[in-house]
Structures are given as C-alpha cells and as structure tokens.
Amino acid sequence: MNSSYSNLFRFFFVCADLVALNLVHIVLMLGLHRIPQNEERAYGLLFLISNVIWLLSAYCVRLYIENGLPDIYRFTKRTARGFIMSLVCIVLFAFIYHYPYSRLFIFLSLFGFFIFLLASRLLLIGTSTFMQGANRITRRIVIIGYNKTTKKFIK
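Residues numbered from 1 in each chain as written. Predicted model: local features only at pLDDT ≥ 70, side-chain atom pairs only at ≥ 80, totals over all residues. Heavy atoms only, no water.

**Q** Explanation requested: empty space enclosed by the protein in the structure shown.
**A** As enumerated under the stated definition, the model contains one cavity of 30 Å³ or more in all. Quantified by volume, the largest cavity comes out at close to 30 Å³. If you trace the largest cavity, you find it lined by His25, Leu46, Ser50, Ile90, Ile106, Ser109 and Leu110. Broken down by secondary-structure element, the contributors of at least two residues to the lining of the largest cavity are α2 (40-60) and α4 (103-137). (1 Å grid on protein atoms, 1.4 Å probe; cavity = no way out; pocket = protein on both sides within 12 Å on 5 of 7 lines; lining within 4 Å. Points joined across faces, edges and corners; volume = space filled by probe spheres on them. Helix = DSSP H or I, 4+ residues; strand = E, 2+ residues; numbered from the N terminus.)

**Q** I keep staring at helix α3 (residues 72-97) and nothing clicks. Help me out?
**A** The α-helix winds at 3.6 residues per turn, so residues separated by three or four positions along the chain end up facing the same way. For α3, which comprises 26 residues, the first-to-last C-alpha distance of 37 Å matches the rise-based estimate of 38 Å (1.5 Å per residue) to within 8%. Taken together, the buried positions of α3 are occupied by Ile72, Phe75, Arg78, Thr79, Gly82, Phe83, Ser86, Ile90, Phe93 and Ala94. One or two steps after α3, the chain reaches His98, where phi turns positive at roughly 60°. (Expected span 1.5 Å × (residues − 1). Buried < 20%, exposed > 50% of the residue type's maximum accessible area, 1.4 Å probe, protein only.)

**Q** Just checking my understanding: could you explain the nonpolar core for this structure?
**A** By size, the foremost hydrophobic cluster in this structure holds 17 residues, and its most contacted members are Phe13, Trp54, Leu63, Tyr64, Phe75 and Phe113. Broken down by element, the residue count for this core peaks at five residues, all from helix α1 (residues 3-31). Counting 15 residues, the second largest nonpolar core, distinct from the first, contains Leu28, Ile35, Phe93 and Phe105. (Core = buried A, V, L, I, M, F, W, Y, C linked by side-chain atoms within 4.5 Å.)

**Q** In this structure, what is going on with the packing of aromatic side chains? I would like to understand it.
**A** Here the structure, examined in full by the defined rule, presents eleven aromatic pairs. With a centroid separation of 4.9 Å and an interplanar angle of 85°, the aromatic rings of Trp54 and Phe113 are classed as edge-to-face. One end of the pair, Trp54, is in helix α2; the other, Phe113, is in helix α4, and 59 residues separate them in sequence. The pair Trp54 / Phe113 is uniform in exposure class, with both members buried. Where Phe107 meets Phe111, the ring centres are 5.9 Å apart and the plane angle is 15°; that geometry is what we call stacked. Within this pair, Phe107 and its partner Phe111 are both found in helix α4, separated by four residues, close to a single helical turn. When its relative accessible area of 43% is taken as the criterion, Phe111 is described as partly exposed. Of the aromatic side chains, those joined through ring pairs into one cluster are Tyr43, Phe93, Tyr97, Tyr101 and Phe105. (Phe/Tyr/Trp six-rings, centres within 6.5 Å; stacked < 30°, edge-to-face > 60°.)

**Q** Which parts of the structure should I look at to understand a nonpolar patch on the surface?
**A** Where nonpolar side chains cluster on the molecular surface, the patch consists of Ile84, Leu87, Val88, Val91, Leu92, Phe95 and Ile96 and spans about 660 Å² of accessible area. Relative to the helices and strands, Ile84 is located in helix α3. (Patch = residues over 30% accessible without salt bridge, like charges linked within 9 Å, V, L, I, M, F, W, Y side chains within 5 Å. Areas by Shrake-Rupley, 256 points an atom, 1.4 Å probe, with all protein chains shown as cover. Salt bridge = Lys/Arg side-chain N within 4 Å of Asp/Glu carboxyl O.)

**Q** Can you help me understand the packing of α2 against α3 in this one?
**A** Two quantities define a packed helix pair, namely the angle between the helix axes and the distance between the axes. Running from N to C, α2 and α3 point in directions that differ by 145°, and their axes come no closer than 9 Å. Of the two elements, α2 crosses α3, and the hand of that crossing is right-handed. Within the contact between the two elements, α2 uses Leu45, Leu46, Ile49, Ser50, Ile53, Trp54, Ser57 and Cys60 and α3 uses Thr79, Gly82, Phe83, Met85, Ser86, Cys89, Ile90, Phe93 and Tyr97. Residues of the contact of α2 with α3, tallied by class, amount to twelve nonpolar, five polar and no charged. (Axes fitted to C-alpha atoms, helices over the stretch in contact; angles between N-to-C directions. Left-handed = near helix turned anticlockwise from the far one by under 90°. Contact = heavy atoms within 4.5 Å. Nonpolar A, V, L, I, M, F, W, Y, C, P; charged D, E, K, R; others polar.)

**Q** Which parts of the structure should I look at to understand the environment of Phe47?
**A** With respect to the helices and strands, the residue Phe47 is situated in helix α2. The sequence separation of Phe47 and Leu21 amounts to 26 residues, and the corresponding C-alpha distance is 8.9 Å. Residues within four places of Phe47 in sequence aside, it is in contact with Asn22, His25 and Ile26.

**Q** Quick question: what am I supposed to make of α2 here?
**A** A rise of 1.5 Å per residue sets the reference length of α2, with its 21 residues, at 30 Å; its end C-alpha atoms lie 30 Å apart and thus fit the reference within 8%. Taken together, the buried positions of α2 are occupied by Ala42, Tyr43, Leu46, Ser50, Asn51, Ile53, Trp54, Ser57 and Ala58. Where α2 ends, the next residue or the one after it, Arg62, has phi of about 55°, a positive value.

Now the structure itself:
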C-alpha cells in the first residue's frame, strides 16, 4: 500500500472522528438546558475523557492502521468494535466517577457520534464501491508486442 495514501487515510479519519465527537459534545452542551452552570467543569472532564477513550479504543482495535490494501469492510467492523469499546468505557467512567451526569446528555452524545460514524462509513463504502465499478471500465493495461493477436486484443 502506498504510504502517503495510508498516512492520508489515517489523518483524515482520525481528524474527522474527533471533530465529529467534539462537535456533538459542543452542540449538546450549548443546546441542552439540563446542564447546570456550576457543573460545566465535570462535563468538560467528560468531554476530555470521551476523546481520550475514543482514541484509545481506536488504537486497541487498530482502527486507523492498514497494512495492506484498504479493506472497507474490515474498517467498518473495527469501527463497530471501537465504538462498543468506547461506549462501555464511557459508561464505566460515568459510573465510577459518581457524578450525576445527565443520562440524556450521555445518550445523545453517544447516539450522535454513532450516527456520524455510521453515515461516514456508509459514505465511504458507497464511494469505494462506485469507484471500483468505474475503475473496472477504464482500467489501464500495457500490451507488449505487435502482432495479429495484440491487434485483436487492442480492438
């Protein structure tokens, strides 16, 4: 696999996933009126911990690491495993920390992030499938030699 493509793949999905996770938290913190003003620090901690947990779970399931040709379905399976691992860890953190986080906030943040992951992976699969179909039609080949067989093959 081309290392520049691999690095671009990693960088794009790491950034896109983190931006989506942070955007979901920011929108919920601004739009959800269940968070008291004096408890924003605890929600900020949840905000930070959820980022760290997502990165650690993605690392544990090797989400952004491709050693061969990119396999979209393997990437999607790893995404599901990483999300489930981060979901369990965030719920355990909220339980162990003993701070009365809004269950609605936690549910909506996890659900919003799940919807983003689902949409981005489906878009990736659709784009990949479309590009592979288009690539079959215009695949370039090299013909070596010049005789009757090669003329027939070119036509």
